[in-house]
Each structure stands twice: as C-alpha cells, then as structure tokens.
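# Notes for the structure review
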Amino acid sequence: MSGEERLGERIRQRRLRRAMRQTDLALDVGTHQARVSDWERGKYYPSVHSLLAIAKALKCGVGDLLMEGKEDTNPRRGCWAVLTRLSNSITSSRCWSRT
C-alpha cells in the first residue's frame, strides 16, 4: 500500500468514526465530494491547505493523519513519503489550488 493509499485510508477511518459522509467532509473542507473520494482512494494527495482543513474538520492533528501509530523513518513509506510528496508539490500550481 502506498503512502497515498494509507493517508486516504486514515482520512476515511477518521471520517467514519465521526459519522460523517464524504459530502459532509467536503463541505467542511470547501471542496467537492468527488475530491474527498479521490483522497480516500489514494488517487491524489490533498494540498497542504486541504490537509489542514481535513484535520480541523475531523478534530485531529495533521500528524494523526500522516502517522501510522509509530514513526516510520523509511523515506519510501508512510509519513515520510507523504511529507516528501507534499514538499515537492509546493512549487507546483496544483498545490496552490483549494481542492
């Protein structure tokens, strides 16, 4: 499972624990339900802006979404893969979108 899929699964698990639909989370984050679905399926990473909004809506920290219970320092897996991907995308125009 890739870092994208694990992040998406943690978003989905936390959303379900709060008894939220994808539509509810989308409204709280300011995006569309289809984008939430894309995140949860690991198709795309949320932007940094969206990741902060997701954490706020799910009443958790960004670290809770990125970490898998213990710190994984392998740069190809888990939190580090997500952080690397997010930092690499900062200069791309896609990162600056609000979706």
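Structural notes, computed from the coordinates. (Residues numbered from 1 in each chain as written. Predicted model: local features only at pLDDT ≥ 70, side-chain atom pairs only at ≥ 80, totals over all residues. Heavy atoms only, no water.)

### With respect to the nonpolar core
Among the nonpolar cores identified, the biggest contains 18 residues, and L7, I11, L25, I54, L58 and L65 are the most heavily contacted of them. Of all elements in the fold, only α1 (3–17), α2 (22–29), α3 (33–40), α4 (48–57) and α5 (62–66) reach the threshold of two or more residues within this core. With five residues, the single largest contributor to this core is α4. Ignoring sequence-local partners within four residues, the contact set of I54 consists of I11, V29, W39, P46 and L65. (Core = buried A, V, L, I, M, F, W, Y, C linked by side-chain atoms within 4.5 Å. Buried < 20%, exposed > 50% of the residue type's maximum accessible area, 1.4 Å probe, protein only. Helix = DSSP H or I, 4+ residues; strand = E, 2+ residues; numbered from the N terminus. Contact = heavy atoms within 4.5 Å.)

### Digging into the pattern of salt bridges
Under the defined criterion, the tally for this structure stands at four salt bridges. For R21, the salt bridge goes to D24, with nearest N and O atoms at 2.9 Å. Under the relative-accessibility criterion, R21 is labelled exposed at 53%. The salt bridge partner of D38 is R41, with a shortest N-O separation of 2.6 Å. The class for D38 is buried, based on a relative accessible area of 12%. Take R41: its relative accessible area is 53%, and that puts it in the exposed class. (Salt bridge = Lys/Arg side-chain N within 4 Å of Asp/Glu carboxyl O.)

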